Amino acid sequence: MKTIEGFILGLDGQQKAIVSFFHNHLTQHHDLQGKISYNIPVYYRKSWVCYLNPLKNNGIELAFTKGHRLSNDQKLLNKKKRKYVAGIDLFDISSIPEQSINEIIQEALIVDQLY
C-alpha cells in the first residue's frame, strides 16, 4: 500500500513542496487523517474533506469534495464544470494564500460535520 510520504517523494519541485506543505498543514493543524485513494492523497474526518491532485502543468489542485456546499467568499474555488467538487490550483509555494485557504478548510470541516 502506497503512503502519502511515498507519494510526496515521487514528486518534484513545486509539486513536492506544495503537497508536503498541505500534508503537514492538514494533518497537524486541522487534525485530518490522510490516506492514498485513487493514487492521490485524500484527507478526511467523518468523510472525505479534500484531496491533493497533481496537475499536468506542474501545479497541485487542493480540491474540496463538498465544494458545492462552500460559500467561496474568498473567490478562490473553481468547480471546473464539476457538480460537487471545487478546488484551488496552486503553482508556487510562496504564493499560497494561507489565510484564505484556512478559512475554506474551516468551512469545509463544518460542512463535513453537518452532511
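Here's what I pulled together on the structure shown here. (Residues numbered from 1 in each chain as written. Predicted model: local features only at pLDDT ≥ 70, side-chain atom pairs only at ≥ 80, totals over all residues. Heavy atoms only, no water.)

1. Comments concerning helix α3 (residues 98–114)
In an α-helix, one turn spans 3.6 residues, which is why side chains three or four residues apart end up on the same side.
Right, on to step 1. Helix length check: α3, at 17 residues, gives a terminal C-alpha distance of 24 Å against a target of 24 Å (1.5 Å per residue), a fit within 8%.
Right, on to step 2. Among all positions in α3, only Ile101, Ile104, Ile105, Ala108, Leu109, Val111 and Asp112 are buried. In an axial view of α3, the angular spread of the buried residues amounts to 160 degrees, which keeps them on one side of the axis. Residues of α3 that are exposed and angled more than 90 degrees away from the buried face: Gln99, Ile110 and Leu114. (Helix = DSSP H or I, 4+ residues; strand = E, 2+ residues; numbered from the N terminus. Expected span 1.5 Å × (residues − 1). Buried < 20%, exposed > 50% of the residue type's maximum accessible area, 1.4 Å probe, protein only. Arc of directions from axis to C-beta.)

2. Description of the sheet that holds strand β3 (residues 48–54)
Right, on to step 1. Pairing is antiparallel across the open sheet formed by 5 strands, whose spatial order is β1-β2-β3-β4-β5. Edge strands, defined here as strands with exactly one partner in the open sheet, are β1 (33–37) and β5 (86–90). Geometrically, the sheet is characterised by an average inter-axis angle of 25 degrees between neighbouring strands, direction not taken into account.
Right, on to step 2. Across 3 bridges, strand β2 (residues 40–44) lies against β3 in antiparallel orientation. Across the sheet, residue Tyr44 finds its bridge partner in β3, namely Trp48.
Right, on to step 3. The sheet contacts of helix α2 (residues 13–29) involve β2, β3, β4 (60–64) and β5, and relative to β3 the element is tilted by about 165 degrees. (Pairing = 2+ DSSP bridges. Axes fitted to C-alpha atoms, helices over the stretch in contact; angles between N-to-C directions. Contact = heavy atoms within 4.5 Å.)

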